[in-house]
Amino acid sequence: MFVVLLGPPGAGKGTQAQRLTTSTGLLHLSTGDMFRENVRGGTELGTLAKSYMDKGELVPDEVTIKMLLERISRPDAAEGAMFDGFPRNVVQAAALAEALCERDDAIAHALLIAVPDEELVARLSGRWLCRACGAVYHERNDPPATEGACDKCEGELYQRDDDRPEVVRTRIEGMKPPADLLDHYRTAGVLREIDGERGLDDVTADLLEALK
Ligand code: AP5
């Protein structure tokens, strides 16, 4: 089963994808995580991606699509995946649909996590991530047991460069799922909107229900 998680920055896509993959066994594929790995590894792709990410802008489609299609061609993605942060527009959605169609497959669910802008700003400015395993925390809403250390692996927690206040508002404005992308999945009959302005467990329960 192939599933798309949609929502603005800070909606909870990464947090919920980590929870859902634990309960569904689906592979979690985040294009943001892939870019950040490349940045850490100092690759050419990482250098290119960073120049866009630091400004809160999308990395060009041709680069992003090539990276994602290569990733889903690997054996561990043969049966399905949960996409987090991809697609961002109809060009990316069409490329994904075409690749899945060649495998006689298609997106089964596109789940939109809806959260108002002011809540997004608060979430992103309080977000902390584990450098080692990628676990997501929030200093108020979902704090780690020990400040600065990951509950799961004791890795060091850090804040993303693009969560700086001056970049956050640009990201929120520029990265909302566009109307034509939502129409793409509405027309395919797979779009569901989930109220993301609630506790983590309530949002997870609704998403799991939508996947049934
Ligand atoms: P990406 O990493 O995908 O960032 P994003 O879409 O901006 O989303 P975020 O990771 O910021 O938010 P999230 O929805 O995952 O929220 P989270 O779960 O962390 O992309 C980064 C960059 O890479 C992009 O800006 C772009 O440059 C590039 N890129 C990526 N994909 C691309 C593509 N397809 N095409 C082109 N460029 C691309 O939660 C946020 C915080 O809120 C956390 O602290 C969490 O603990 C807290 N929280 C979550 N849920 C709740 C809740 N229910 N209640 C209270 N707090 C909550």
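Structure: above.
Residues numbered from 1 in each chain as written. Predicted model: local features only at pLDDT ≥ 70, side-chain atom pairs only at ≥ 80, totals over all residues. Heavy atoms only, no water.

Enquirer: Quick rundown of the site of the ligand? Include the residues and the values.
Expert: Neighbouring residues of the ligand: 36 residues in total, closest Thr15, Glu57, Arg88, Arg127 and Arg171. One nitrogen or oxygen atom from the side chain of lysine 13 is found 2.9 Å from an oxygen atom belonging to the ligand. Between an oxygen atom of the ligand and a side-chain N or O atom of threonine 15, the distance comes to 2.5 Å. When contributions to the shell around the ligand are tallied by element, the ones reaching two or more residues are α1 (13-24), α2 (31-41), α6 (117-125) and β6 (136-138). Across the shell around the ligand, the residue classes tally to 13 nonpolar, 13 polar and 10 charged. (Near = heavy atom within 4 Å. Polar contact = N/O pair within 3.5 Å; in protein donor to acceptor, adjacent residues only side chain to side chain. Helix = DSSP H or I, 4+ residues; strand = E, 2+ residues; numbered from the N terminus. Nonpolar A, V, L, I, M, F, W, Y, C, P; charged D, E, K, R; others polar.)

Enquirer: So, the packing of α1 against helix α9 (residues 200-211): which residues are in play, and what are the values?
Expert: The geometry of a pair of packed helices is captured by two quantities: the angle between their axes and the separation between those axes. Contact pair α1 / α9: the axes reach a minimum separation of 10 Å and the direction vectors enclose 55°. Considering the angle they form, α1 stands oblique to α9. For α1 against α9, the interelement crossing comes out right-handed. For the pair formed by α1 and α9, the contact residues are Thr15, Gln16, Arg19, Leu20, Ser23 and Thr24 on the first element and Leu200, Asp201, Val203, Thr204, Leu207, Leu208 and Leu211 on the second. Class assignment for the residues of the contact of α1 with α9 results in 6 nonpolar, 5 polar and 2 charged. (Axes fitted to C-alpha atoms, helices over the stretch in contact; angles between N-to-C directions. Parallel < 35°, antiparallel > 145°, perpendicular 65-115°, else oblique. Left-handed = near helix turned anticlockwise from the far one by under 90°. Contact = heavy atoms within 4.5 Å.)

Enquirer: Let's hear about the packing of aromatic side chains: which residues, and what values?
Expert: In total, this model carries 1 aromatic pair according to the counting rule given. Each ring, one from phenylalanine 2 and one from phenylalanine 83, has its centre 6.1 Å from the other, and the planes form 15°; the classification is stacked. With phenylalanine 2 in strand β1 (residues 2-6) and phenylalanine 83 in strand β3 (residues 81-84), the pair connects residues that are 81 residues apart, well separated along the chain. The pair phenylalanine 2 / phenylalanine 83 is uniform in exposure class, with both members buried. Over the aromatic face of tyrosine 52 sits the side chain of lysine 55, whose NZ or CZ is 5.5 Å from the ring centroid. (Phe/Tyr/Trp six-rings, centres within 6.5 Å; stacked < 30°, edge-to-face > 60°. Buried < 20%, exposed > 50% of the residue type's maximum accessible area, 1.4 Å probe, protein only. Lys NZ or Arg CZ within 6 Å of the ring centre and 35° of its normal.)

Enquirer: Lay out the sheet that holds strand β8 (residues 191-195) in plain terms, naming residues and giving numbers.
Expert: Spatially, 5 strands are ordered β2-β3-β1-β4-β8 in an open sheet, and the strand pairing comes out parallel. The outermost strands of the open sheet, each flanked by one partner alone, are β2 (28-30) and β8. If you compare each strand with its neighbour and ignore which way they point, the axes differ by 25° on average. Where strand β4 (residues 107-114) meets β8, 5 bridges bridge the pair, whose relative direction is parallel. Residue leucine 111 lies in a different strand from β8, and its bridge partner there is arginine 192. Relative to the sheet, helix α8 (residues 179-187) contacts β1, β4 and β8, its axis offset from that of β1 by approximately 145°. (Pairing = 2+ DSSP bridges.)

Enquirer: Give a detailed account of the pattern of salt bridges, specifying residues and quantitative values.
Expert: Counting across every chain of the model gives 21 salt bridges. For arginine 164, the salt bridge is made with glutamate 166, and the minimal N-O distance between the two is 3.0 Å. The class of glutamate 166 is exposed, set by a relative accessible area of 54%. Note that glutamate 173 and lysine 176 form a salt bridge whose closest N and O atoms lie 3.6 Å from each other. The class for glutamate 173 is exposed, based on a relative accessible area of 55%. The network of salt bridges with shared partners includes Arg127, Arg160, Asp162, Asp163 and Arg171. (Salt bridge = Lys/Arg side-chain N within 4 Å of Asp/Glu carboxyl O.)

Enquirer: How would you summarise the sheet that holds strand β7 (residues 157-158) if you had to cite specific residues and measurements?
Expert: The sheet built from 3 strands is open, its strands ordered β6-β5-β7 with antiparallel pairing. The open sheet has two edge strands with one neighbour each: β6 and β7. Relative to β7, strand β5 (residues 127-130) is paired through 2 bridges, and the arrangement is antiparallel. Paired with leucine 129 across the strands is tyrosine 158, a residue of β7.

Enquirer: Quick rundown of the side chain of arginine 160? Include the residues and the values.
Expert: As for its placement among the helices and strands, arginine 160 is situated in the loop between β7 and α7 (165-174). Judged by its relative accessible area of 12%, arginine 160 falls in the buried class. Arginine 160 has contacts with Arg36, Arg127, Leu129 and Arg171, leaving out every residue within four places of it along the chain.

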